[in-house]
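# Architecture and fold: a report
Listed below are the residues making up each chain.
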Amino acid sequence: MTEIAEISKAAVIGAGVMGAGIAAHIANAGIPVVLLDIVAEDGDNRNAIAENALRKLLKADPAPFMDKGNAKLITPGNIEDHLDLLAQCDWIIEAVAENLGIKRALYAKIETARKPGSIVSSNTSTLPLSVLAKGMPKRFLGDFLISHFFNPPRYMRLLELVAGPQTRAGAVDAIRAFADKRLGKGVVMAKDTPGFIANRIGVFWLQCAVVEAMEGGLSVEEADAVMGRPVGIPKTGVFGLLDLIGLDLMPHVLGGMARALPAGDAFHGVFREPELIAKMIADGYTGRKGKGGFYRLNKDGGKRVKEAINLATGEYAAAAKPKLGCVSAAKKGGLRALVTHSDKGGRFAWKVLSRTLSYAADLAPEIAGDIAAVDAAMRLGYNWSFGPFELIDKLGAAWLAEKLKSDGLAVPELLTTAGEETFYRKGAGRLQFLGPEGEYRDVERADGVLLLTDVKARTNPLARNRSASLWDIGDGVVCLEFHSKMNSINPQTLAMIGKAIRTVNIIANGYKAMVIYNEGSNFSVGANIGLLSIAAKWHVWFFVRWLLGSGQNALKAMKFAPFPVVGAPAGMALGGGCEILLHCDAVQAHAETYAGLVETGVGVVPAWGGCKEMLLRWTADRQRPGGPMPPVIKVFETIGMAAVAKSAAEAEDLLYLRPGDAITMNRDRLLADAKAKALELAQDYRPPAEAEIFLPGGTARAAMNMVVDGLGKTGKATPHDQVVAKALAGVLSGGNTDITEPLREDDLLALERRAFMKLARHPASIARVKHMLKTGKPLRN
Amino acid sequence: MTNAVIAGYARSPFTFAGKGELAKVRPDDMAARVVKGLMKKTGVKPADVEDLILGCAFPEGEQGINVGRLTVFLAGLPKSVAGVTVNRFCGSSMQAIHMAAGAIALGAGEVFICAGVESMTRVPIMGFNPLPHPGLYVKYPQAYIPMGETAENVAVKFGLSRAEQEAFALASHVKAAAAREQGNLAAEIVSFGKGKTKVDTDGCIRPDSSLEALADLKPAFDENGTVTAGTSSPLTDGAAAVLVVSEDYAERNGLDPVARVKAVAVAGCQPEIMGIGPVAATKKALARAGLKVADIDVIELNEAFASQALACIDKLKLDGDKINIDGGAIALGHPLGATGARITGKAAALLRRQGGRYALATQCIGGGQGIATILEAM
């Protein structure tokens, strides 16, 4: 049998939201994609549908492309004129309407055009593989599977794969490996049942919550406050999530489920279409893409007021911040305190969770290989922090069984199997889960996956304080982990950097490299500006000076340490978090890394070496046009505008990442990749020599001030923007230097400190800091 | 004194910087092609050329390394022809004509190619390495004042409303569109490229411009100002060249002398209202020619901005009907270094077409200067 060596070209047929999004994400992996749709009926351009989809992709927010240039990898076309292009493709994804006839007719077409060994998959979310593939030729059956992406494909990590009885193992393995390593997906194998795993449970949960909220007399805000954060679910909760998905989509999804599921399925017990929702859809309140949904932004009168619909009357009113005893109780007492609380929120939580968790427990053996797959699907596909079985462990399986019984509800067999045990446990230094026969099995990690969670399960930290820890991740590599609130950087974080350097430096310890990595949502949001606010209030400026100095010293020590340091960011790496990366020998970044020096937003300049490192990078870049000013101007624009890269690829453009740094698509592979990079650098490692830099001094300052004055006059820079930008210009010009005089790194650090201290005392900067702490948004004063 | 005469004029199409059809053409290539076109058009003997004087406002990058001399090589002129680059910002190529006229008067040569070029796509305004004098910027920041700001200052100082500026801008487009329609621009244009990529018409003219469309634009330089992109000349790529020879030489060699250089002048003014530079320069040149404004039949007044052009018209009491008959820089574009050669060559050509006696070509210059040339029909 012919097998393709690897996927080097793909096709997506169906240029709707999902198809186009999948094509964009495959392009993000650097793979060329053919994107086909039907021939456009109107106009002369037969490719109009696919071409329009490509144009929409470039405008969509959040951006489907990690780098706009990736759009060039997509070739739009139509299925009549360009079917022959499929002959070059290793993977052909069908993402057309959920219509069996259309899909099967398309498969027949694909079959005539594709090359032997190529793989065909359907992105169906409702149709079973057995029905799709029925009666298709043998070759097709061997190469066919379901690959179910979640929307939006770039950002949602789950990919459910469903293989048929005749699907070649090689085909499944090829897609699985490609999706994991190149697309960064968390691949979960699902069985061929309606809705697969995540939507089977997720749609039930959503529907159950809608019905129970209405019956329990909860407001939209209350329901989301309960069914969000306290359960480890994104704060959009239920109604906010429905607004995101689109209310108009739900009748199709629910109807599809109702038709596909057998009569005895618990789904039928919660399935109904509330009148209010039907009316909302009819009135155009389809969610965020429409006029609004359960929430809407009322812009009447020039203000933007967030409003929520009254589930009883259908009237909108300003959204309230709900105060529920159960939510407060959950903060202290956890999930059990939530579901046992006597208020309406507690009753709601119990009704929804008892049913959803029972449903999941009942279904697990039927829809997935094991409970770990169920939990993974809900974490990756619905962004739950914990899957159903992890939630059950929080409640206690035995406790839940007892409570179900006392409520007169059926107890799922798996709960009985668990008995007094938990579904997960740490055993023999490994994370284990409960198998169907009551035996524990190791949670399998693919080759090349290393999680700090697993390291933590088997070892104790080498060092630890409240904000950071140090772990031995094997092979002589130490991992520095941040774990303060939002991983903001404070004196303890800095102390741990020092401790880390000392630990690796002691030869007897046998360490040779360090990785900076954590498994929080964000690598680091930067220095804790709350400290700056306190300093301003009490005029303890010596403290700010000390913090600047210790930050600079810590990062300098890290840069010149006699061993390599690799930064491994994912999520936000802002301000001081970005400066840490700038001082690493190399960076292994997750593709979804959002790096930026955003200090000017709070009225200061980067002063832990951020200005210095950016200047060194831009002056070292050989691509830049000649002369002393272009690098200075580039850094001035980047820091002055507080430019944040919206992906690791964009970070390369801004030189937050350098050539030689690398990108990992799969979050779970980041630590292993970073560790490998650190070990590679550790061979014959020589620390960098201290750099010298020649800067133009006053003339550059004058040039930048001219730009700032111009922006002020055109109203593009506020008064304080101008103050901050001019202080930045002072640093980036090199101070009172001349182009013939070399500056040392310490000279630049001194300039950074001086500018920072001057700005930090400025009342307008203090106002910016306070505003940021209060609202999370920059103040334009 | 030996008289200098204009014996030919050619230019490239003027197209938008960045998005226009000449964006990919190097400025040295652009200048060379126009010079070649001028040589062919006039039939002047290459070996007789004393000097190629090339004006350029930002002579660096592809416009650097004495691009005047390089243009000699690129245009295939004999090595005996010298080459020099001159910079008086927007007045650069009119300055080239003044230098040629001066050299002819001095007996320092008989044949000069006076050209100008600017690729505003490939070399940005302010150049790649703006390194202003820090002390001067503190003591006298006007020395570096951005041009848009001067346009606003002039509008305020002379009380020019936004509507007046827009009417002026619209007139420029209407005149340029008509001139193009009537084939009055084609004769001066040297085409670029071949076949599908051939460029032989101007790219900046907006025949469908309207007062409504202009009124919709946001102020470009001051959020509370009156000057918009529509009432400013666009960033443009282009080159222009004029053949300047002694009157004797033209006669001996059977060239077609279109107009005589009657008088020239430059003058400084306050940088923050550089747009009125033409006023002082024109007055000087008129005095040197022994003429009054009323004696002038054809006027080419560069339209850097509508506000400054209107201010100059008002101050000099110019007759609107004589000004920029085939449209001005707001419609045609303003490739900084090339404009002076364009408006001087154009003034000479119009003098002949209109059957007048005297023409004035004048422009404002960044840093606070004006430059003017008075031509006499032959």
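Every value quoted in this text rests on a predicted model; they were computed, and no experiment measured them.

So, on to the overall build of chain B. When you go through chain B residue by residue, the secondary structure sums to twelve helices and ten strands. Taken against the 2.2 N^0.38 rule, which gives 21 Å for 378 residues, the C-alpha radius of gyration of chain B at 19 Å falls within 12% of a compact globule. For chain B, the spread of C-alpha atoms along the three principal axes comes to 60 × 50 × 45 Å. Counting all 378 residues of chain B, 60% fall into the buried class. In chain B, the share of contacts with a sequence separation of at least 24, taken over all contacts with a separation of at least 6, comes to 81%.

What follows concerns the overall build of chain A. Scanning chain A for helices and strands turns up 31 helices and 27 strands. Computed over C-alpha atoms, the radius of gyration of chain A comes to 28 Å, within 12% of the 28 Å expected from 2.2 N^0.38 for 781 residues, which places it in the range of a compact globule. Reported as C-alpha extents along the three principal axes, the dimensions of chain A are approximately 80 × 65 × 65 Å. Buried residues in chain A amount to 51% of all 781 residues. A separation of at least 24 residues holds for 68% of the contacts in chain A among residues at least 6 apart in sequence.

Between chain A and chain B, the residue contacts involve 18 residues of the former and 14 residues of the latter. At the level of elements, helix 25 (629-640) and helix 28 (698-713) of chain A are the ones that each hand at least two residues to the side of chain A that touches chain B. With ten residues, helix 28 of chain A is the single largest residue contributor to the side of chain A that touches chain B. Its residues assigned to classes, the side of chain A that touches chain B shows nine nonpolar, seven polar and two charged.

So, on to the domain arrangement of chain A. Residues and elements named next belong to chain A. By domain assignment, chain A separates into domain 1 (10-189), domain 2 (198-386), domain 3 (452-598 + 644-688) and domain 4 (694-775). Facing the ten residues of domain 1 at the interface are ten residues of domain 2. Of all elements in the fold, only strand 7 (158-163) and strand 8 (186-189) reach the threshold of two or more residues within the side of domain 1 that touches domain 2. If you tally residues by element for the side of domain 1 that touches domain 2, the top one is strand 8, at three residues. Across the side of domain 1 that touches domain 2, the residue classes break down as five nonpolar, three polar and two charged.

It is worth spelling out the sheet that holds strand 7 of chain A at this point. Residue and element names in this part refer to chain A. Here eight strands make up an open sheet; going across it, the order is 3-2-1-4-5-6-7-8 and the pairing mixed. Two strands in the sheet have a free side with no partner beyond their single neighbour: strand 3 (74-78) and strand 8. With direction set aside, neighbouring strand axes in the sheet form an average angle of 25°. Running over the sheet, helix 1 (residues 17-28) touches strand 1 (10-13), strand 2 (33-37), strand 3, strand 4 (91-94) and strand 6 (144-149) and is turned about 170° from strand 2.

The next thing to look at is the sheet that holds strand 10 (residues 305-309) of chain A. All names here are of chain A. On the basis of which strands lie adjacent, the open sheet formed by three strands has the order 9-10-11 and antiparallel pairing. The open sheet is flanked by strand 9 (295-298) and strand 11 (316-318), the only strands paired with a single partner. Ignoring which end each strand starts from, the neighbouring axes of this sheet average 40° apart. Taken together, the four bridges between strand 9 and strand 10 define a ladder with antiparallel strand orientation. Following the sheet pairing, R296 is matched in strand 10 by E307.

Residue and element names in this part refer to chain B. Across two bridges, the pairing between strand 1 (residues 4-11) and strand 7 (residues 259-268) is antiparallel. In the strand pairing of strand 7, V5 is matched with R260. In this sheet, strand 10 (residues 369-377) lies alongside strand 7 in antiparallel orientation, the contact comprising nine bridges. The residue bridging G268 from the neighbouring strand is Q369, located in strand 10.

All names here are of chain B. Looking at the secondary structure, you find C204 in the loop between helix 6 (162-181) and helix 7 (211-215). On the neighbour-count criterion, C204 (25 C-beta atoms within 10 Å) is buried. Between the alpha carbons of C204 and I65 there is a distance of 29 Å; along the sequence they are 139 residues apart. Among all residues touching C204, those that are not within four sequence positions of it are F14, T15, F16, P234, T236, A331, L332 and G333.

Residue and element names in this part refer to chain A. Axis separation between helix 7 (residues 198-216) and helix 15 (residues 371-382) bottoms out at 9 Å; the angle between their running directions is 70°. If you check the angle between helix 7 and helix 15, you find them roughly perpendicular. Judged by the sense of rotation from one axis to the other, the crossing of helix 7 with helix 15 is right-handed. Across from A198, I201 and G202 in helix 7, the residues of helix 15 making contact are A377, M378, G381 and Y382.

Attention now moves to the environment of C89 of chain A. Residues and elements named next belong to chain A. Counting through the fold element by element, C89 comes out in the loop between strand 3 and strand 4. Since 26 C-beta atoms lie within 10 Å of it, C89 is described here as buried. Measuring from C-alpha to C-alpha, the distance between C89 and V33 comes to 8.2 Å, with 56 residues separating the pair along the chain. For C89, the residues in contact, after removing those within four places along its chain, are K9, A10, A11, V34, R114 and S118.

Summing up the model confidence of chain B, the mean pLDDT is 96 and the portion of residues at 70 or higher is 100%. If you check the scores for this complex, the pTM reads 0.87 and the ipTM reads 0.80.

Now for helix 12 (residues 275-282) of chain A. All names here are of chain A. Taken residue by residue, helix 12 has I277, M280 and I281 as its buried positions. The buried side chains of helix 12 occupy one side of the element, clustering within an arc of 95° when seen end-on. Across from the buried face of helix 12, at angles greater than 90 degrees, the exposed residues are E275, A278, K279 and A282. Immediately beyond the C-terminal end of helix 12, within one or two residues, lies G284, with a positive phi of roughly 90°.

This part is about unusual backbone geometry. Cis geometry marks the peptide bond from D61 of chain A to P62 of chain A, where omega comes out at 0°. Along the polypeptide, P62 of chain A turns up in the loop between helix 2 (48-59) and strand 3. Of note, M126 of chain B is a non-glycine position whose phi angle comes to about 80°, a positive value. Considering the arrangement of structural elements, one finds M126 of chain B in the loop between strand 5 (111-119) and helix 4 (134-139). A positive phi is found at N324 of chain B, a non-glycine position, where the angle reads about 45°. Relative to the elements of secondary structure, N324 of chain B occurs in the loop between helix 10 (306-316) and helix 11 (329-332).

How two helices pack is summed up by the angle between their axes together with the distance between the axes. All names here are of chain A. Look at helix 25 against helix 29 (residues 719-732): their axes get within 10 Å of each other, and the N-to-C directions meet at 145°. For the crossing formed where helix 25 meets helix 29, the hand is right-handed. Packed against helix 25, whose contacting residues are V632, V635, F636, I639 and G640, the element helix 29 presents A725, L728, A729 and L732 at the interface.

A separate point is the environment of L773 of chain A. Residue and element names in this part refer to chain A. Mapping L773 onto the fold places it in helix 31 (residues 763-775). Overall, the presence of 14 C-beta atoms within 10 Å leaves L773 in the partly exposed class. For the pair L773 and I529, spaced 244 residues apart in the sequence, the C-alpha separation amounts to 7.6 Å. When sequence neighbours within four positions are dropped, the list of residues in contact with L773 reads I529, G530 and S533.

The rules behind the values
Residues numbered from 1 in each chain as written. Chains lettered and ligands numbered in written order. Predicted model: local features only at pLDDT ≥ 70, side-chain atom pairs only at ≥ 80, totals over all residues. Helix = DSSP H or I, 4+ residues; strand = E, 2+ residues; numbered from the N terminus. Rg over C-alpha atoms; globule rule 2.2 N^0.38 Å. Buried ≥ 20, exposed ≤ 12 C-beta atoms within 10 Å, placed from the backbone. Contact = placed C-beta atoms within 7 Å. Nonpolar A, V, L, I, M, F, W, Y, C, P; charged D, E, K, R; others polar. Domains from an automatic or database assignment. Pairing = 2+ DSSP bridges. Axes fitted to C-alpha atoms, helices over the stretch in contact; angles between N-to-C directions. Parallel < 35°, antiparallel > 145°, perpendicular 65-115°, else oblique. Left-handed = near helix turned anticlockwise from the far one by under 90°. pLDDT = per-residue confidence, 0-100. Arc of directions from axis to C-beta.

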